[in-house]
Amino acid sequence: MLYRNLRIDESDGRIKYDDNGTEKSVATLTDLIGLGGNAVNTEGLVLKVLLQDERTYYVRQSSNFGNSGETEADAFAAIEEALIVLSNKYEISGHLIFDLGDTHTLNCWYLPAFTGSGQITFKGNNTTITFVAYQGSTEAYFTNWSALTLNLEGINFVKGDCTKLIVEGGKMSFDNVDFGELDVDFDNCRSTSLNQITNGNNGRLRFYRSNLNVDFSQIAAEYYYCQVSTINCTYKGIFIVEACNIILRNPRLNNRWWTVTSKIVNTTIEFKSTWLTFENLGGDPQTKTLLSFQNCNLKDFPSNIDVQGNRTFWDTSILKYVNCQTPEEFNNVNYNFSAHTFSGGASAIRLVNTAFLKNINISGATIERDPFSILGGINYDNSTTGIPANTLQEAIDYLFTLINP
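Cut-offs applied
- Counting of residues starts from 1 at the beginning of each chain's written sequence and follows it residue by residue.
- Selection of residues for local features in this predicted model requires a pLDDT of at least 70, selection of side-chain atom pairs for listing and counting requires 80 or more, and totals for whole chains, interfaces and linings are taken over all residues.
- Calculation of side-chain values draws on the structure's entire complement of heavy atoms; hydrogens and water are dropped beforehand.
- Helix numbers and strand numbers start at the N terminus; a helix is a DSSP run of H or I with at least 4 residues, a strand a run of E with at least 2.
- In this description, contact between two residues means that some pair of their heavy atoms is separated by no more than 4.5 Å.
- In this text, buried Ala, Val, Leu, Ile, Met, Phe, Trp, Tyr and Cys residues form a nonpolar core when linked through side-chain atoms within 4.5 Å.
- When a residue's accessible area, from a 1.4 Å probe over protein chains only, is under 20% of the maximum for its type it is buried; when over 50% it is exposed; and in between it is partly exposed.
- Pairs of N or O atoms are called polar contacts if they sit within 3.5 Å, as long as, within protein, a hydrogen donor faces a hydrogen acceptor (for residues adjacent in sequence, only side-chain-to-side-chain pairs).
- For patch detection, residues must exceed 30% relative accessible area and be free of salt bridges, and they are connected within 9 Å for like charges or within 5 Å for nonpolar side chains (Val, Leu, Ile, Met, Phe, Trp, Tyr).
- Residue exposure ignores everything except the shown protein chains as possible cover, and the areas themselves are Shrake-Rupley values with a 1.4 Å probe.
- Throughout this description, the term salt bridge denotes a Lys or Arg side-chain nitrogen within 4 Å of a carboxyl oxygen of Asp or Glu.
- By definition, two strands form a pair when at least two bridges between them are found by DSSP.
- Note on aromatic contacts: the rings of Phe and Tyr and the six-membered ring of Trp form a pair at centre separations within 6.5 Å, being stacked when their planes are under 30 degrees apart, edge-to-face when over 60 apart, and tilted otherwise.
- Whether a charge sits over a ring depends on NZ of Lys or CZ of Arg being within 6 Å of the ring centre and within 35 degrees of the ring normal.
- Cysteine sulfurs are considered disulfide-paired once they come within 2.5 Å of each other.

Engineer: When you look at the overall build of the chain in this model, what are you seeing that I'm missing?
Structural biologist: Looking only at helices and strands, one finds two helices and 39 strands in the chain. Taking the contacts inside the chain whose residues are at least 6 apart along the sequence as the reference set, 52% of them involve residues at least 24 apart.

What follows is the structure, encoded as structure tokens:
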């Protein structure tokens with residue numbers, strides 16, 4: 001098994017590496033027994049030490065393997081070396097911290113599994129980690145480490161050879177992490193916090209079956225079957241929500257990129273009376289709905305819809321609701337779209353088979369609804385027919401009485 005220039009010697013089980021033509025050995029737990037506790041019993045078998053306090057180990061990319069990692073001067077030479085040694089050494093009930101240097105590489109493969117119920121933190125210092133292929137594999141995995149909490153801080157990922165980063169299970173937090181151009185799948189993450197994260201124009205974050213808090217981040221993201229709470233997030237080009245329960249506090253949809261996909265499907269949505277902002281719209285006139293809702297349950301509405309700039313909409317709408325419903329009572333909202341121009345049948349809001357049981361007051365534009373939609377208890381527009389009716393059924397009854405007096 002290779003870890004770049006590392007290998008395990010089958011004859012003695014020790015980790016070996018090549019140093020300019022000379023084969024050297026990485027320290028084993030037997031060598032490191034003085035670092036704490038009874039790491040090896042009398043028969044030479046590896047026993048883990050229970051780490052109950054907070055302990056920091058240093059990792060600095062170099063060719064100097066075999067160090068203890070206890071100081072910067074004696075730092076581990078690679079993330080892989082630190083993981084191999086410490087995952088075999090410790091059962092974690094306290095807090096194990098990996099202090100990372102400026103630049104590292106990381107193999108695209110499973111990381112060694114730690115055990116315990118404490119915390120592990122990869123503490124970067126604006127650290128750059130570049131993924132490299134390992135034995136032909138170009139996918140990297142951060143998998144569930146028992147009941148441990150996994151934290152990543154101050155790290156910038158570089159895609160390198162990686163085709164996908166997969167994060168599975170466990171309680172995790174990502175703070176000030178840039179995923180770059182990576183495609184990242186978060187799957188079955190039982191409690192995950194992401195704060196001040198970002199990704200590149202060609203990257204995509206996909207979340208599946210996870211419980212998430214996403215705050216103060218700028219990302220292209222998709223959510224599927226998740227419980228999500230967000231605060232002040234900007235979605236760059238891609239914003240897809242499907243079969244979720246989501247709280248959106250002050251979301252911003254950035255339309256700087258030509259490929260823009262924004263939709264919420266089969267989802268319960270709560271805006272918590274905060275703003276919904278659309279920024280950096282491209283194209284004039286605008287001919288595509290900015291955000292669509294389909295088969296959704298809306299608990300409330302944004303307190304304001306801010307479309308930045310003075311835009312022209314042609315045969316489209318800012319928001320489109322298809323097969324949606326609201327509670328009988330929700331927050332009062334008043335939207336002003338007077339700064340924009342609506343032509344060619346465009347409207348601010350379009351309803352299709354949707355029931356807004358209370359009216360929404362808007363100015364500078366209209367709310368368009370089909371015959372199967374309800375707005376404030378009214379689903380019939382008599383402006384062209386003059387029929388004295390507020391609902392479609394009332395109009396049918398009125399016409400029926402004219403035919404059959």
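Once the structure has been displayed, the description carries forward.
Engineer: Please explain the nonpolar core as it appears in this structure.
Structural biologist: Here is a general trend for soluble globular proteins: nonpolar side chains tend to be buried in one another's company. Within the largest apolar cluster, 93 residues are counted, with the highest numbers of intra-cluster contacts made by Phe98, Tyr223, Phe278 and Phe293. The element best represented in this core is helix H1 (residues 79–89), accounting for five residues. Not counting residues within four places of it along the chain, the set of residues in contact with phenylalanine 278 comprises Leu253, Asn255, Leu290, Leu291, Ile305, Asp306, Val307, Gln308, Ile318 and Leu319.

Engineer: What is the right way to look at the environment of asparagine 156 in this model?
Structural biologist: By the element assignment, asparagine 156 lies in strand S13 (residues 149–158). A C-alpha to C-alpha distance of 9.5 Å links asparagine 156 and threonine 103, two positions 53 residues apart in sequence. Among the polar contacts listed, one links the side chain of asparagine 156 to the side chain of asparagine 126, at a separation of 2.8 Å.

Engineer: So what exactly am I meant to see when it comes to a nonpolar patch on the surface here?
Structural biologist: Taken together, the side chains of Tyr398, Leu399, Leu402 and Ile403 define a hydrophobic patch exposed on the protein surface, amounting to about 390 Å² of accessible area. Structurally, the position occupied by isoleucine 403 is in helix H2 (residues 392–403). By relative accessible area, which is 63% here, isoleucine 403 ends up exposed.

Engineer: I keep staring at the pairing of strand S14 (residues 164–168) and nothing clicks. Help me out?
Structural biologist: The two faces of a sheet get side chains in turn, since along a regular strand they alternate between them. Judged from the four bridges that link them, strand S12 (residues 139–142) and S14 form a sheet pairing that is parallel. Opposite alanine 140, over in S14, you have leucine 165 as the bridge partner. Both S14 and strand S16 (residues 183–187) contribute to a ladder of four bridges, which runs parallel. The residue bridging isoleucine 166 from the neighbouring strand is aspartate 185, located in S16.

Engineer: Would you explain H1 in this entry?
Structural biologist: The periodicity of an α-helix, 3.6 residues per turn, causes residues three or four places apart in sequence to face the same way. When you tally the buried positions in H1, you get ten out of eleven residues, the bulk of the element. For H1, the set of buried residues is Ile79, Glu80, Glu81, Ala82, Leu83, Ile84, Val85, Leu86, Ser87 and Lys89.

Engineer: It is not clear to me how the sheet that holds strand S7 (residues 90–92) should be interpreted in this structure. Could you clarify?
Structural biologist: Strand pairing in a sheet takes place through backbone hydrogen bonds and is either antiparallel or parallel in direction. As summarised here, the arrangement of the three strands in space is S5-S7-S10, forming an open sheet in which the pairing is parallel. Among the strands making up the open sheet, the edge pair consists of strand S5 (49–51) and strand S10 (115–116). Where S7 and S10 come together, two bridges link them in parallel fashion. By the bridge assignment for S10, glutamate 91 is matched with threonine 115.

Engineer: How do you make sense of the side chain of asparagine 151 when you look at a structure like this?
Structural biologist: Here asparagine 151 lies in strand S13. A polar contact is formed between the side chain of asparagine 151 and the side chain of threonine 121, at a distance of 2.9 Å.

Engineer: Would you mind showing me how to read the packing of aromatic side chains here?
Structural biologist: Given two aromatic rings, one states the distance between the centres and the angle between the planes to describe the pair. One pass over the full model with this rule turns up 26 aromatic pairs. Between phenylalanine 157 and phenylalanine 179, the ring centres sit 5.8 Å apart and the planes meet at 20°, which makes this aromatic pair stacked. Here phenylalanine 157, found in strand S13, pairs with phenylalanine 179, found in the loop between strand S15 (171–178) and S16; they are 22 residues apart in sequence, far enough to count as distant. Both residues of the pair, phenylalanine 157 and phenylalanine 179, belong to the buried class. Cluster of aromatic residues (ring-pair linked, three or more members): Phe131, Phe142, Phe157, Phe174, Phe179, Phe186, Phe207, Tyr223, Tyr235 and Phe239. Seen from the ring of phenylalanine 330, lysine 358 lies directly overhead, with NZ or CZ sitting 5.2 Å from the centre.

Engineer: Would you mind showing me how to read the state of the cysteines here?
Structural biologist: Think of a disulfide as a covalent bridge from one cysteine sulfur atom to another cysteine sulfur atom. Enumeration according to the criterion identifies zero disulfides in this entry. Its sulfur unpaired, cysteine 226 is 4.8 Å from the next cysteine sulfur, which belongs to cysteine 244. Cysteine 324 provides the cysteine sulfur closest to cysteine 296, a residue in no disulfide bond, and the two sulfurs are 4.7 Å apart. With a relative accessible area of 3%, cysteine 296 lands in the buried category.

Engineer: Please clarify how the environment of threonine 354 should be interpreted in this entry.
Structural biologist: Along the chain, threonine 354 turns up in the loop between strand S35 (347–352) and strand S36 (355–356). Spatially, the C-alpha atoms of threonine 354 and lysine 320 are 9.9 Å apart, while their sequence positions differ by 34 residues. Excluding residues that lie within four positions of it along the chain, threonine 354 makes contacts with Tyr321, Val322, Asn323, Cys324, Phe372, Ser373 and Ile374. Polar side-chain contacts of threonine 354 include one of 3.2 Å to the backbone nitrogen of cysteine 324.

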